Amino acid sequence: MKVDIKEVKIRNIAIGGSNPIAIQSMTNLPVTDVDGTLRQMEECQNAGCDIMRIAVPDMRSAEAFGAVRKLTNMALVADIHFDYRLALAAMEAGADKIRVNPGNMSLKQLDSVIDCAKAHSVPIRIGVNSGSVNKEALVSTNGDKCRALALSLEQYVRYFEGRNFTNLVLSVKSTDVRETVQTNRIVSKLGYPVHLGVTEAGLLNQGLVKNSIGIGSLLLEGIGDTVRVSLTSNPIDEVYAAKDILVSLGLRPGVTFVSCPKCGRCSIDLERVAAEIYDYVKNLRTNVKIAVMGCEVNGPGECSDADLGMAGANGGFVFFKHGKRYKTVAQTDAISEFKKEIDLLTNDNR
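Numbering of residues starts from 1 in each chain and follows the order in which that chain's sequence is written. Local features are withheld for residues below a pLDDT of 70 in this predicted model, meaning they are given only at 70 or higher, and side-chain atom pairs are given and counted only at 80 or more; totals for whole chains, interfaces and linings count all residues. Only hydrogens and water are removed before side-chain values are computed, so all heavy atoms of the structure are retained for them.

Draft legend 1. Geometry of the packing of aromatic side chains. Only centres within 6.5 Å qualify two rings of Phe, Tyr or Trp (six-membered ring in Trp) as a pair; their planes then separate them into stacked at under 30 degrees, edge-to-face at over 60, and tilted for everything else. Inspection of every chain in the model, using the stated rule, returns four aromatic pairs. Here the aromatic rings of phenylalanine 257 and tyrosine 278 are separated by 5.4 Å at their centres, their planes lie at 65 degrees, and the arrangement is edge-to-face. One end of the pair, phenylalanine 257, is in strand S11 (residues 255-259); the other, tyrosine 278, is in helix H10 (residues 270-281), and 21 residues separate them in sequence. Among the residues examined, tyrosine 278 registers a relative accessible area of 28% and is labelled partly exposed. Consider the ring centre and the ring normal. A charge sits over the ring if Lys NZ or Arg CZ is within 6 Å of that centre and within 35 degrees of that normal. Sitting above the plane of the tyrosine 326 ring, lysine 321 keeps its charged end 5.0 Å from the centroid. Strands here are runs of E lasting at least two residues and helices are runs of H or I lasting at least four, both read from the DSSP assignment and numbered beginning at the N terminus. Buried means the residue's accessible area, taken with a 1.4 Å probe over protein chains only, is under 20% of the maximum for its type, while exposed means over 50%, and partly exposed covers the values in between.

This is the structure we're talking about:
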């Protein structure tokens, strides 16, 4: 039976309840570089990011966080470790949510954080991960790491509830995809919004695979309210990956882009053409399917359910609309002409 999920508001973004799944990323510059941080955030927001997390490792960073807060209306999360005073400073500076691992603080310090969050109506994301699993929980679960992670998180939840604080978002992550999926299945039953991600997933290619499997599996089960695709890469790559996952599952409006893997029939520079067309449509927020194929053989068949498609043919291109051939264009003009067709299509769909 599906559990009703509490709604939590992060500035102008609501998660949980019946709200759409929100995309998150995290800046990878010191927040003391205020201008650079703002540029990075703007790029991610334009790409489809809803919520941005910023590391606050010291008081100087907390001050810079406040400066960033004054210069953007984007939903901001302060990422806090160890020093509870940084959490207090970030909330005073206008954080819309804070992320803490309660195991890094004493109960007295945690109480101070809870009291401040109440005063400012700031939600708290409680995060635990496989690298810091509670040893006592491991013992009590007979070494079952997934159950131990879930138990640790539940114990924190009950403590917050005992302090009459339920403005919570839950996060439990592992570097292992199976552990991530199994643990989040347990945690989702607690009734709070769940932040999904595979932690420390690695470089771009490996990280995309691990996150797609882990996050995608859970979303298909109806689990998850906000996602971050963790990558050792530019944050904008995380945003595009998260968006692609959500669009492919029908959970967010956007362009479905398909292109063939290329074979010996191909007579055009498919990689270049596909890359340029994808770059042109990747930020559209309308539900259309665009196809780029390497030869005319694949055009009618593999483009049959695409709204608009193009396929290489004898050094030129054949254009398809809803699977039907309607235009032939010289290779030199194909990309610019196809972009015009995309503009006409997307304008019609607005």
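Draft legend 2. Spotlight on the packing of helix H6 (residues 145-162) against helix H7 (residues 177-187). For helices, the fitted axis covers only the stretch in contact; all axes are lines through C-alpha atoms, and the angles between them, taken along N-to-C directions, range from 0 to 180 degrees. At a minimum axis distance of 9 Å, the contact between H6 and H7 shows a crossing angle of 40 degrees. Between H6 and H7, the angle falls in the class oblique. Here H6 runs over H7; the crossing is right-handed. Touching Lys145, Cys146, Arg147, Leu149, Ala150 and Leu153 of H6 are Glu179, Gln182, Thr183, Ile186 and Val187, all from H7. Small angles under 35 degrees read as roughly parallel and large ones over 145 as roughly antiparallel, with 65 to 115 read as roughly perpendicular and the rest as oblique. Note on convention: the crossing is left-handed when the near helix lies turned anticlockwise from the far helix by less than a right angle, right-handed when the turn is clockwise. Only heavy atoms enter the contact rule, under which two residues are in contact if any of them lie within 4.5 Å.

Draft legend 3. Focus on the pattern of salt bridges. Here a salt bridge means any side-chain nitrogen of Lys or Arg lying within 4 Å of a carboxyl oxygen belonging to Asp or Glu. Inspection of every chain in the model, using the stated rule, returns 21 salt bridges. A salt bridge links aspartate 50 to arginine 252; the nearest nitrogen and oxygen atoms lie 3.3 Å apart. Note that aspartate 50 is positioned in the loop between helix H1 (34-47) and strand S4 (51-55) and arginine 252 in the loop between helix H9 (235-248) and S11, a separation of 202 residues in sequence. For the residue pair aspartate 50 and arginine 252, the accessibility class agrees, reading buried in each case. Ionic pairing is found between aspartate 115 and arginine 163, a salt bridge with its closest N-O pair at 2.8 Å. Of this pair, aspartate 115 sits in helix H4 (residues 107-120) while arginine 163 sits in the loop between H6 and strand S8 (168-173), and the two are 48 residues apart along the sequence. Looking at aspartate 115, the relative accessible area reads 38%, which means it is partly exposed. The partly exposed category is assigned to arginine 163, whose relative accessible area is 26%.

Draft legend 4. The arrangement of the sheet that holds strand S5 (residues 75-79) in detail. The pairing criterion for strands is at least two bridges between them, as found by DSSP. Strands sit in the order S8-S7-S6-S5-S4-S3-S10-S9 across an open sheet of eight strands; the sheet is parallel. Bordering the open sheet on either side are S8 and strand S9 (195-196), each of which pairs with just one other strand. Note that strand S7 (residues 124-129) and S8 share six bridges and pair parallel. Looking at the pairing, valine 128 lines up with valine 172 of S8. Packed onto the sheet, H7 meets S8 and S9 and runs at close to 155 degrees relative to S8.

Draft legend 5. Here's a closer look at the pairing of strand S6 (residues 97-100). Here S6 shows a buried face lined by Lys97 and Arg99 and a second buried face lined by Ile98 and Val100. Strand direction decides the pairing type here: S5 and S6, joined by three bridges, are parallel. Considered in S6, the bridge of valine 77 is made with lysine 97. By convention, a crossover is right-handed whenever its connection, traced from the first strand over the helix to the second and viewed with the strands pointing away, goes clockwise. Between the parallel pair S5 and S6, the chain is carried across by helix H3 (residues 84-92), and the sense of this crossover is right-handed. Looking at chain direction, S6 and S7 are connected through three bridges and run parallel. What sits directly across from valine 100, in S7, is isoleucine 126.

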